[in-house]
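A structural walkthrough
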Amino acid sequence: MSDTNDQKTTGNGNGAATGDGAAQPATPPSINILTQYIRDLSFESPNAPGVLRGQTKAPAINIGVNVGANPIEGSDGDYDVRLTMNAKAGEGAELMFNVELEYGGVFKLQNFPQEHLLPVLFIECPRLLFPFARQVMADVTRNGGFPPLMIDPIDFSQLFQQRMAEERARQQVQTA
């Protein structure tokens, strides 16, 4: 008499097959923020306290934003994403303040197709960091004696598309 053990496995209750030949569903992509930090923060008001008194008109405010992302060495799927923001109110002798902030986050990205990695790093990750960086900018200008600087939401998708167009143009110039 032969001693065989024919077992057929079925689903395990969470939708995944456990051996009946059916394919397991792909694990969905996920983004986890492991940490956030201020890498660099600078506030200067070279014309204080005179500039704090009786302003009759609103100053011109120039705001710049840049995004950078790099993989973290020795990790699997961890990326350091940095949002660099600067704001300058006034010019020359009329400079009210100059704020520079480099705000970063470490993100764990899992199960993203390679073609989606850059858009996630340069659109979605900075979108998640922006509210916190915006709050730091508002707090530092308020603590500097000015009304809080409330930066409008930023379209990181548009910034990414502009950056990619610039890179393509640069590559075309180099190959010509």
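Worth saying up front: this structure is predicted, and the values here are computed from it rather than measured.

Attention now moves to helix α1 (residues 114-143). The end-to-end C-alpha distance of α1 is 43 Å, a good match for the 44 Å that 30 residues give at a rise of 1.5 Å each. A bend of about 45° at V120 is the largest found in α1. Looking one or two residues past α1, G145 carries a phi angle of roughly 100°, positive in sign.

The next point concerns unusual backbone geometry. A cis geometry characterises the amide bond from A48 onward to P49, with omega recorded as 5°. Topologically, P49 is positioned in the loop between β1 (30-44) and β2 (61-71). Even without a glycine there, the phi angle at N111 is positive, about 65°. Accessibility expressed as a relative area gives 44% for N111, which makes it partly exposed.

A few words now on the nonpolar core. V81, L83, L109 and L121 are the most contacted members of the largest nonpolar core, which totals 32 residues. Elements that contribute at least two residues to this core include exactly β2, β3 (78-89), β4 (97-110), α1 and α2 (156-175). For this core, the element with the highest residue contribution is α1, accounting for 11 residues. In this view, L109 contacts S30, I31, G77, Y79, L117, V120, L121 and C125; residues no more than four positions away in its chain are not counted.

Right, let's get into the confidence of the model for the protein. Averaged over every residue, the pLDDT of the protein is 85; the share at 70 or more is 85%. Confidence, expressed as mean pLDDT per element, reaches its minimum in the protein at α2 with 89 and its maximum at β4 with 97. Within the model, the stretch residues 1-18 combines pLDDT values under 50 with 13 contacts to residues more than four positions away or in other chains.

What the rule picks out here adds up to 7 salt bridges. Between E124 and R127 there is a salt bridge, with the nearest N and O atoms lying 2.3 Å from each other. One end of the pair, E124, and the other, R127, are both in helix α1, 3 residues apart, so they sit about a helical turn from each other. Looking at E124, the relative accessible area reads 25%, which means it is partly exposed. Two residues, R170 and E167, come together in a salt bridge whose shortest N-O distance is 2.6 Å. In this pair, R170 and E167 are both assigned in helix α2, 3 residues apart and thus about one turn of the helix distant. Residue R170 is classed as partly exposed on the basis of its relative accessible area of 43%. Through salt bridges with shared partners, one network takes in R39, D80, R82 and E102.

Okay, the sheet that holds β3 next. Strand order in the open sheet formed by 4 strands is β1-β4-β3-β2, with antiparallel pairing between adjacent strands. Each edge of the open sheet is held by one strand with a lone partner, namely β1 and β2. In this sheet, adjacent strand axes meet at a mean angle of 15° when their direction is disregarded. Of the strand pairs in this sheet, β1 and β4 are connected by 13 bridges, and their pairing is antiparallel. From the neighbouring strand, T35 faces β4, where its bridge partner is V106.

Quick look at α2 now. For an α-helix, 3.6 residues make a turn, and residues three or four places apart therefore share a direction. An ideal rise of 1.5 Å per residue puts 28 Å on 20 residues; α2 measures up with 29 Å between its terminal C-alpha atoms. The N-terminus of α2 is capped by D155, whose side-chain oxygen sits 3.2 Å from the backbone nitrogen of S157.

Within the secondary structure layout, N86 lies in strand β3. Along the chain, N86 and N66 lie 20 residues apart, while their C-alpha atoms are 9.1 Å from each other. Apart from the residues within four sequence positions on either side, N86 is in contact with N62, I63, G64, V99, E100 and M137.

Quick notes on the rules
Residues numbered from 1 in each chain as written. Predicted model: local features only at pLDDT ≥ 70, side-chain atom pairs only at ≥ 80, totals over all residues. Heavy atoms only, no water. Helix = DSSP H or I, 4+ residues; strand = E, 2+ residues; numbered from the N terminus. Expected span 1.5 Å × (residues − 1). Bend = angle between axes of the 7 residues up to and from the residue. Buried < 20%, exposed > 50% of the residue type's maximum accessible area, 1.4 Å probe, protein only. Core = buried A, V, L, I, M, F, W, Y, C linked by side-chain atoms within 4.5 Å. Contact = heavy atoms within 4.5 Å. pLDDT = per-residue confidence, 0-100. Salt bridge = Lys/Arg side-chain N within 4 Å of Asp/Glu carboxyl O. Pairing = 2+ DSSP bridges. Axes fitted to C-alpha atoms, helices over the stretch in contact; angles between N-to-C directions. Polar contact = N/O pair within 3.5 Å; in protein donor to acceptor, adjacent residues only side chain to side chain.

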